[in-house]
Amino acid sequence: MIRHTGVRALLLALLFLVSSAILEGGAAAQVPNLLPGMPKTAAPAQASGTPSAEERRELDDLIRILETEASRNRLIESLKASAYQAAPAGEPAAAAVLGGEADLAESVPAHLAAYTRSAVAAVQQGATEVGTLAAQAGYFLSGAQSINLPRVWNAILPVSTVAIATLLALGLLAIVRRRVARWLGSLAKPKAPVLRLALASVAMVADALTVILAAAAGHATSLFLTGGPPDINEALFLNAFALTELIKVGLAAFVAPHVPPLRLTPFSDGQARYWYRRLALVITLLGYTFLFVAPVVQSISSVAAANAVRFLVVTASFLFTLWLILANRERVKARLQRSYREGARNPQSRFYHLLGHVWWLLAASFVAALFALWISSPRNGFQFMLSASLVSVAAMAVGGLVVSILTKVIVRGIRVSAATRERFPLLERRINSFIPKLLLVVRILVIAVVIGVIMDAWSLIDLDNFASSALGRRFSSGLIGALVILTVGFVVHLVFSSWVEYRLNPNFGSVPTARERTLLSLFRNALTIALALIVMMLVLSQIGINIAPLLAGAGVVGLAVGFGAQKLVQDIITGAFIQIENALNEGDVVQLGAVSGVVEKLTIRSVSLRALDGTYYLIPFSSVDQVANMTKDFSNFVADVSVAYGEDVGQVKDVMQEAFERVRGGPEGINIIADFEMLGVETLQDNAVMVRGRVRTLPGKQWGVGRVYREVVKGLLAERGINSPFTRTAVVPPHETLPEFSGLDMAGNKVVTHRPLPKTVTRNPDGTLIPPDPKDDGDDDGDPSR
């Protein structure tokens, strides 16, 4: 089933290409004349009897098609299949003659009938193809009877001396090559893929040089033994040796089985040696058979005998490769699904997880299709398979290396120097936020290019025609233009954002004001939004999308949003006027309604506050009816000192002035920008006199200055014995009594009685007792609050 699927898919493509090449050229006028039962078409008359070069090429193509039975059968099946195709739109349909059949052709039953007929024709065609391949294989095997083994052995035996000398020279040179490879491996670094690629290239050149020198040694041996150039068989062997070993050099450079530091693939040491030995065996069998053994057999026996030898070796290689795929089915599956089993759920791990289930089916189908392709086209099959395989391997190697380098760059990120990071703290983060996305797009493009090159190598698509077509030019130019626009837009954003960041950095240049911080932040946000819209429109324009309807639609949507989101519009307009009036800036301490705090962030529609307890508030401008800025231009600390009524106000003023002088001479003095302003007695309270003064400070420094000032004032008041008007409560022992006047006795003398004091008494600031309530007898009457 696997073999049939791969053979059918590839042969259908080949049949389509062959039939198209015949029917499109001048051969389309000749093929019908050669097949009976088909209407003849007149070929264009030539002015002379000699066919042109184009006609000769078409005739050669037709002769090659009609040479073998398999190609003739494919041509017949292709012409039969073309008979079921619908007539062109410009030609009169036969159904038009029969009334009503034209409508029937467009009905659902007619479509179902057409699909059924196509399916049956496809099955029949597939069965015919399988039979044709079996007949071709039998034809190849029939030539094995004509192989003359003694003559073949006698022809190959004289070449043994040159072969031994060549292989011995290769073995001796391999000793030096391995030492060079190990030395190059010692220079490689794990995190330097470009250096590793360069060292691997040097190692590959050294390996290729050993092969060339070994082949030269073989030529020298032949020259020494015969006194002249090598004969035809020796030349065939030396050519087969050079080409086969060079292909193995490329394979060794790809997997590096003996020098792990130079390995460009994610194979382990055991896996690299395992796959290299088995693939090298297949390459050796095919190379020496097609380039040496088969030509010798053909020169001695016949072409059929040479084809039989080729068929046997190709069949053995096919079966061995198929066994190799099936034997490593679970091992490769576990390798592909390892990241998914470890918990990764990114698109790459999901793709590898799916690939792990079907990789063996795809690989087996590919090998079966190659086998069927060679059987169907033995003359040019090997050259086509060799060139397509080499191009595929080279494309996968180069693409895998590029993808590996990009993946390492994405994972590692872009690093900037410490000095640059100090000047631009967010530069590295911005670069690493964009570069991985750009590299991801480039990696996808590289994978697409590799797939396109491989499909072009196997003639599944034609990249040259696509690149030269209008669609290809438009696609490539649009893609490159879009990438350039994205890169330029990112560079502009990076430069402007870095400049704003540098300007806001207080460690370099002049210290920015609060107004500059606010405006630069707003301008950065506005430029980012505008730049994103412009870049998006230009990218859409580059990929072929007309942006005029989008702009018109955006206007309509903006109008609808303006009506539907009036609150948002109000936020933006109010915020714009607040910024124009410079009412608040980042870092200011403000009160907006019932919320006060430090302004952390300003946008075009809202303000973010951080309260003293750390609470974060996001307030839209539409809800702000007034702004109280406590750090605008300068700040004042209002110093209120309350003393008892019996204290001298002049002494209190002296204390306040002296406290100011002490604060000005201390660390907080740098924040004071004016002399102390004595305002005098502010209020006369119930039990205190309040004296007020004012200290002018830098914006936002009044709280720190005020704390230090209060501490100094408290110390000076205590030092000079100035009492504060605070009511004090003292607890006295229960045995103390309070004298009380009761009245006069019979002689007219005063009567003084003593009653117990209450558990709590109140004293004046000077320490004298405040008389208790006469009704209070000192008993708490069971009241738990007393």
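Residues numbered from 1 in each chain as written. Predicted model: local features only at pLDDT ≥ 70, side-chain atom pairs only at ≥ 80, totals over all residues. Heavy atoms only, no water.

Caption draft 1: Representation of the packing of helix α24 (residues 649–664) against helix α25 (residues 702–719) in the model. Two elements in contact, α24 and α25, have axes whose closest approach is 9 Å; the angle formed by their N-to-C orientations is 130°. The angle between α24 and α25 places the two elements in the oblique class. Read as a crossing pair, α24 and α25 show a hand that is right-handed. Judged by residue contacts, V655, M656, E658, A659, F660, R662 and V663 of α24 engage V705, V708, Y709, V712, V713, L716 and L717 from α25. (Axes fitted to C-alpha atoms, helices over the stretch in contact; angles between N-to-C directions. Helix = DSSP H or I, 4+ residues; strand = E, 2+ residues; numbered from the N terminus. Parallel < 35°, antiparallel > 145°, perpendicular 65-115°, else oblique. Left-handed = near helix turned anticlockwise from the far one by under 90°. Contact = heavy atoms within 4.5 Å.)

Caption draft 2: A look at the nonpolar core. Counting 22 residues, the largest nonpolar core has V641, V652, M656, V695 and Y709 as the members making the most contacts within it. Those residues in contact with Y709 that sit more than four places away from it in its chain are F637, A639, M656, A659, F660, V663 and F676. V159, L236, L238 and V249 belong to the second largest nonpolar core, which has 20 residues in total. (Core = buried A, V, L, I, M, F, W, Y, C linked by side-chain atoms within 4.5 Å. Buried < 20%, exposed > 50% of the residue type's maximum accessible area, 1.4 Å probe, protein only.)

Caption draft 3: A look at the environment of V595. Among the structural elements, V595 can be located in strand β2 (residues 595–602). C-alpha of V595 to C-alpha of I619: the two residues are 24 residues apart in sequence and 9.4 Å apart in space. Once residues lying within four places of it in the same chain are set aside, the contact partners of V595 are V590, L609, Y617 and I619.

Caption draft 4: Here's a closer look at the side chain of E234. Along the chain, the position of E234 falls in helix α10 (residues 232–255). Of the side chains bearing the opposite charge, R151 lies closest to the buried E234, which forms no salt bridge; the N-O distance is 18 Å. The residues contacting E234, other than those within four sequence positions of it, are P158, V159, V162 and S222. (Lys, Arg positive; Asp, Glu negative; His and termini not counted. Salt bridge = Lys/Arg side-chain N within 4 Å of Asp/Glu carboxyl O.)

Caption draft 5: Molecular detail of the environment of E501. With respect to the element layout, E501 can be found in helix α20 (residues 470–504). Assessed through its relative accessible area of 7%, E501 is described here as buried. E501 sits 19 residues away from L520 along the chain, and the two C-alpha atoms are 9.0 Å apart.

Caption draft 6: Geometry of the packing of aromatic side chains. Here the structure, examined in full by the defined rule, presents twelve aromatic pairs. Their ring planes at 90° and their centres at 5.5 Å tell us that Y274 and W275 sit as a pair that is edge-to-face. Judged by centre distance (6.4 Å) and plane angle (35°), the ring pair of F311 and F371 falls under tilted. Taken as a pair, F311 in helix α12 (residues 303–327) and F371 in helix α15 (residues 347–376) lie far apart in primary sequence, 60 residues in all. Grouped by ring-pair contacts, the aromatic residues F237, F241, Y288 and F292 constitute a single cluster. Above the face of the Y274 ring, R331 is positioned so that its terminal group lies 5.2 Å from the ring centre. One Lys or Arg, R696, reaches over the ring of F634 and ends 4.1 Å from the middle of that ring. (Phe/Tyr/Trp six-rings, centres within 6.5 Å; stacked < 30°, edge-to-face > 60°. Lys NZ or Arg CZ within 6 Å of the ring centre and 35° of its normal.)

It is worth stressing that arrangement in space is one thing and function is another; only the former is reported here.
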